[in-house]
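Overview (structure and organization)
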Amino acid sequence: MLTAQLPEFNVDRDEDRCIQCRVCERQCSFDVYGYDVQNNVMIHKEENCVACQRCAVLCPTNALVIKENAYTYKQNANWTREAISDLKKQSETGGVLLTGMGCDKPHKIYWDHILINASQVTNPSIDPLREPMELRTHLGRKPDSLEVKDGKLSFPDYPKVELSTPIMFGAMSYGAISYNSFKSLAQAAHEYGTLFNTGEGGWPKELRKYGSNTIVQCASGRFGIDLEYFNDAAMVEIKIGQGAKPGIGGHLPGEKVSEHISLTRMIPEGSDAISPAPHHDIYSIEDLQMLIHALKEATDYQKPISVKISAVHNSPAIASGMVRAGADIIVVDGLRGGTGAAPKILRDNVGIPIELALAAIDTRLRDEGIRNWASLVVSGGIRNAGDIFKAIALGADAVYVGTPALIALGCTVCQKCYTGKCAWGITTQDPYLTKRVNTEIGTQALVNLLRAWSLELKELLGCGGINSIESVRGNRLQLRGIGLESWEMETLGIRGAGQ
Amino acid sequence: MNTAQAKKANPRKGLSPRQWIKIDASGMYYKDLNRQIRGLAEQGARKFDLQNVYGQRYIGTNLWATERDKIRIRVHGTPGSDMGAFMDGPEIEVYGNAQDATGNTMNCGKIVIHGSAGDVLGYGMRGGEIYIRGNVGYRVGIHMKEYDDKIPTIVVGGTVQDFFGEYMAGGRIIVLNKFFEGNPPVRQSYFIGTGMHGGNIYFRGDVNIEQIGAEVNVIEPTDAEWKIIERYVHNYCKAFDLGERKVKLLKREKFWRLYPKSTRPYGMLYAY
Amino acid sequence: MKDLSKVNNPYGDDKVISQCSIFGMMNTTGEVFSGKEIITAIRNMHERGNGLGGGFAIYGCYPDYPDDYCLQVMFDTRANREETEIYLKRFFHIQHSEEIPTCPTEVIKNPPDVYRYFVQPKVEELHEIISDDDIVIRRVMKINTTLDGAYVFSSGKNMGVFKGVGFPEEIADYFCLEQYDGYIWTAHGRFPTNTQGWWGGAHPFSLLDWTVVHNGEISSYGANRRFLEMYGYICTMHTDTEVVAYAIDLLARKHGLPVDTVMDIFSPPVWEQIDRMDPDDRKYFEVLRSTYGPLLLNGPFAVIIAHHGEMVAHTDRIRLRPMVAGIKGDMVYASSEESAIRLVSKDLEKVWIPVGGHPVIARLKELAKDDVVEGGRELLKAEGMEV
Ligand code: SF4
Ligand code: SF4
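Everything quoted here is computed from the prediction, not taken from an experiment.

What counts, and at which threshold
- Residues numbered from 1 in each chain as written.
- Chains lettered and ligands numbered in written order.
- Predicted model: local features only at pLDDT ≥ 70, side-chain atom pairs only at ≥ 80, totals over all residues.
- Heavy atoms only, no water.
- Disulfide = S-S within 2.5 Å.
- Helix = DSSP H or I, 4+ residues; strand = E, 2+ residues; numbered from the N terminus.
- Buried < 20%, exposed > 50% of the residue type's maximum accessible area, 1.4 Å probe, protein only.
- Salt bridge = Lys/Arg side-chain N within 4 Å of Asp/Glu carboxyl O.
- Axes fitted to C-alpha atoms, helices over the stretch in contact; angles between N-to-C directions.
- Parallel < 35°, antiparallel > 145°, perpendicular 65-115°, else oblique.
- Left-handed = near helix turned anticlockwise from the far one by under 90°.
- Contact = heavy atoms within 4.5 Å.
- Nonpolar A, V, L, I, M, F, W, Y, C, P; charged D, E, K, R; others polar.
- Buried area = accessible area lost by both parts, 1.4 Å probe.
- Polar contact = N/O pair within 3.5 Å; in protein donor to acceptor, adjacent residues only side chain to side chain.
- Pairing = 2+ DSSP bridges.
- pLDDT = per-residue confidence, 0-100.
- Near = heavy atom within 4 Å.

For the rest of this paragraph, the subject is the state of the cysteines. Cysteine pairs can be linked by a disulfide, which is a covalent bond between their two sulfur atoms. With the rule as written, the count across this model stands at one disulfide over all chains. Bridging Cys103 of chain C to Cys176 of chain C, the disulfide has an S-S length of 2.3 Å. A torsion of 135 degrees about the S-S bond marks the disulfide between Cys103 of chain C and Cys176 of chain C as right-handed. Remark: Cys176 of chain C occurs in the loop between α5 (168-174) and β9 (181-182) and Cys103 of chain C occurs in the loop between β5 (92-99) and β6 (113-121); sequence separation between them is 73 residues. Looking at Cys103 of chain C, the relative accessible area reads 27%, which means it is partly exposed. Here Cys218 of chain A is not disulfide-linked; the sulfur of Cys108 of chain B is the nearest cysteine sulfur, at 18 Å. Here Cys218 of chain A falls in the buried class, since its relative accessible area comes to 0%.

Shown next, in the form of structure tokens:
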């Protein structure tokens, strides 16, 4: 079809370096390259390029540079290049624009406006390499108090999970990501003593041996769910919403539903896997209470039940309701949270940044005296250990990371996950591509990431003279704001730098 | 092996699996009722007769049973919502009406309801059978799914309300529309099968085009499908002690098969 | 001016979010009965609330003062009461007043002082001619928005609202409701998503003798509220239930529309269905939707609305919240769950799940030909679902 679109990227090939080995042709899953036998040159269909950099990385002679196409329309603050090309795409197809990964709009990133404290003179900083430094974290309901009965300490024993570091892998379903990526996450969580989340696409039987490191989801599509699914896991999560697409369901296109995925999700091969927007047994808070308790019954009250929502305007009130409905853990996914596929219009316009939601929820639950009743896990836009430290100081118990894990596996955030053609073999089910993630190497990369960030967290603790992560939790005095308006600092509950 | 699997593998013996155990549920909290049943089942009991049930939820939810070793529960009264939620094996018979979300995400087993049932019956149901003598409420059979030979089945003796079979992804539902009451079929409900992308609905009586979702096709059942209908109506008769003679008359009735136009209803919605 | 929104909505949420269980029962001959059954019924749905609000409305409970407005008022302190009483004496003839009897229990914490006043408005204090009802509303609003520590939570004739923070059965005990008789009772067990320290925030909500108990969240709240504000209603409580009460007052009392029409405004059929109606019905809904479109209640809700002579059970048009109705003899029941009705009335003649958006209206026999009707225009003539 004739299109009025210009290629977004240019392939810049240095013909002096190119040896016509055709690696780029084999590596590119977006059909950019061809080979002209007669002239012995590579040819390009640049309009297909998504700048995933797979070809450039694998080119043995570094002959390729993938560049942003420098074309420009007349400068216009309103009608930007993106706005014009999106509109053209829609006038050519009549469809809803899809995208992948988290919101890429320049909404304020609050992490970058928060600074961390350090000890000087009046209390000593601590060297994490030689002194004890604790990151161990427990998630689940905590008792309000302990009682002494007949001279013995008695306490309600709520189900909980233990993490060696407050970093978990967020929900990414088998189907949205490839089997090898999924397995790498499971193995890395197991090896490092944390948890990964199956998402809502079921849980392959052979991976159940990592059950104590697994969170299973109960989402609106109810794929692959039975009693064993719940009971084999460490924790069960009810997924209400996702930061990238609050308020809508999911949709795994039929071509991604391969034989093994069909078995795991327990649906026929090749049929769409549609998750409705709401859970049809939850239309209100007392219905949520009903599902939470159904899951508690189904797991004999042995597993903590978490509920995941996306960060929206009234998150604090909703979170309070969730806690009162019996959630042991609440998970909040912010505006910049990732996705395998979402309508662009939702991803970029709906929801609020996690930093603000997190602070408001933690404040609200403390005001109401119910913060102990549930742990708080946040996600959506975390990029490094600094962000994690700040999240915990704002009040989170732990974080979920999704995009960082995928980047560790090779992802370059090209945002084309929804096409199913991921050249890095991550968000695809094409057997030719999925091989690109090797589970051993993948697992190691993920473990490395957990290790590096945990070490950095310890450094950050140590510089503040603190040797246990629980002394940072909700410790907003460790933070100061910079370049923030007063309403923003009020919401975050922090003071300005120098104050 | 986790605790649940351990329980499944070796239930503690002691109580007779053949004896009906009566439990008076008056004023009992659901948690205590279900715990009591679970405890007795662990000691080998298999048959439970619940009296005076008024709204206790999650009956049958966390009971492990195998094909040979079925747990059976009779419910007298009105069981609470989420009866048989996530249920994996047991058989429940209700001598009265059931409330909302019966058989929610049920995996296998059987539910027989002598009265009617409320909304969202069989949501995400993945296996097993549900028979309802009376009518059912809104959104019944929503997002039912099937895999391989695991095909959940619902038979409704009476009528259905709106959004029936919404998002249906598999399984079958047979609506008898008061056949055994000798009533002519009534036309009923809107938005039938909206978003349907799998499974089959067999509907007695006429269905107007404005009653069904855009994703649904309507044709007459084939002979092979008649066999399926008859088989399940047979079971229905057995469950409710109805003369099976009438099943033969069934074929004179007008039945329509509702099925999805595509297993990919929203394929054309997006721009790539 | 005191700010009730701060009292009821301390965190300044867009609206107070709360969901729950509801129950209503009416004797259509007008014969009064005790609250024993409704208390049993609402207690059976304990699981749907979280102990942060419960309440009841009783019609026909003050036969000794049938023609006086009964103002039931909660006070924070004695001084607040004394100040309010000066105001009441100035603007009303007080026929009788008393402290509302209570039976304190351990579970009920920090109750306010509650008093009731049987009154007639003093017309001589006004320089304009308006109805008694309007005078009472005006005075009640004045007290509720300006007098510190005083809140009128019930203001109808021969009826009363009783509510507070606790499970509904606890509130019933606290107000000794087994001592009251009425021919309509409605009840509410609440599940708010915040700490509700304030008794006035519980259901039922009332205005004169109209009361509303409500389950669900009305997503159109912002639009509904701004429309009502245009007609002079001040939405001080920041709850969607308040909006329902004001909308009824506007439509039924001020604009004089019959209750079925009011319900058609709240939950009209979708346009596609309207397009298929015969011309008269189509016109009717087109006019309703274009005039009162902003009062479409969008989002999940089930309500039981009552006033003298009528009890209405109603849901949103795609029935996202549960409602079951039942009939036994002259008794009509409506409930979130069937089990609660069954518990108090074993041999019902008819139980059914009404069609979404089609109200079940129970009326006093002396006022109507049919004492129970299911309203709404049903294209297929299906009469709700008998169960
Ligand atoms: S591999 Fe990626 S970067 Fe290279 S041409 Fe293909 S799409 Fe572009
Ligand atoms: S997962 Fe693959 S398709 Fe998605 S952003 Fe990363 S590299 Fe691109």
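What follows picks up the thread again.
On to the pattern of salt bridges. The full count for this structure, using the stated rule, is 52 salt bridges over all chains. Put simply, Arg57 of chain B and Glu337 of chain C hold a salt bridge, and the shortest N to O gap is 3.5 Å. A residue pair is termed interchain when its members come from two chains, as with Arg57 of chain B in the loop between β2 (47-54) and β3 (72-78) and Glu337 of chain C in the loop between β16 (331-335) and α11 (338-344). Glu337 of chain C shares its class with Arg57 of chain B; the two are buried. In this structure, Arg48 of chain C engages Glu337 of chain C in a salt bridge whose closest nitrogen and oxygen atoms are separated by 2.7 Å. Of the two residues, Arg48 of chain C sits in the loop between α2 (36-44) and β3 (54-59) while Glu337 of chain C sits in the loop between β16 and α11, which places them 289 residues apart along the sequence. Each member of the pair, Arg48 of chain C as well as Glu337 of chain C, is classed as buried. One connected set of salt bridges, linked through shared partners, spans Glu82, Asp86, Asp104, Lys105, Lys344, Arg347 and Asp348 of chain A.

Before going further, it helps to spend a moment on the packing of helix α4 (residues 132-146) of chain C against helix α7 (residues 240-254) of chain C. All names here are of chain C. In the contact formed by α4 and α7, the axes pass within 13 Å of each other and the chain directions differ by 160 degrees. As far as their axial angle goes, α7 and α4 are roughly antiparallel. Relative to α7, the crossing made by α4 is left-handed. From α4, Asp133, Asp134, Ile137 and Met141 reach across to α7, where they touch Tyr246, Asp249, Arg253 and Lys254. Classifying every residue of the contact of α4 with α7 gives three nonpolar, no polar and five charged.

Taken together, the contact pairs 43 residues of chain B with 51 residues of chain A. Of the roughly 4,200 Å² buried at the junction of chain B and chain A (both faces included), carbon and sulfur atoms supply 58%. One can count two salt bridges joining chain B with chain A. Close ionic contact of Asp300 of chain A with Arg38 of chain B constitutes a salt bridge, the shortest N to O distance being 3.3 Å. In this assembly, chain B and chain A are joined by 17 residue pairs in polar contact (both at pLDDT 80 or more). Residues of the side of chain B that touches chain A, tallied by class, amount to 17 nonpolar, 12 polar and 14 charged. Alignment of strand β5 (residues 96-99) of chain A against strand β12 (residues 270-271) of chain B, held across two bridges, turns out to be parallel. Paired with Val96 of chain A across the bridge in β12 of chain B is Tyr270 of chain B.

Our focus in this paragraph is the confidence of the model for chain C. All names here are of chain C. Of the residues in chain C, 95% have a pLDDT of 70 or more, and the chain-wide mean is 88. Counted against residues more than four places away or in other chains, residues 376-384, with its pLDDT under 50, gives 26 contacts. Predicted as a complex, the structure gets a pTM of 0.89 and an ipTM equal to 0.86.

This part covers the site of ligand 2. Around ligand 2, the neighbouring residues are Met101, Cys411, Thr412, Val413, Cys414, Gln415, Lys416, Cys417, Cys422, Trp424 and Thr427 of chain A. In terms of residue class, the shell around ligand 2 is built from seven nonpolar, three polar and one charged.

So, about the sheet that holds strand β23 (residues 495-496) of chain A. Residues and elements named next belong to chain A. Across the sheet, which stays open at both edges, the three strands sit in the order β6-β22-β23 with mixed pairing between neighbours. Strand pairing shows two members of the sheet lacking a second neighbour, β6 (114-116) and β23, which therefore form its edges. Alignment of strand β22 (residues 479-481) against β23, held across two bridges, turns out to be parallel. Looking across to β23, one finds that Arg480 is bridged to Arg495.

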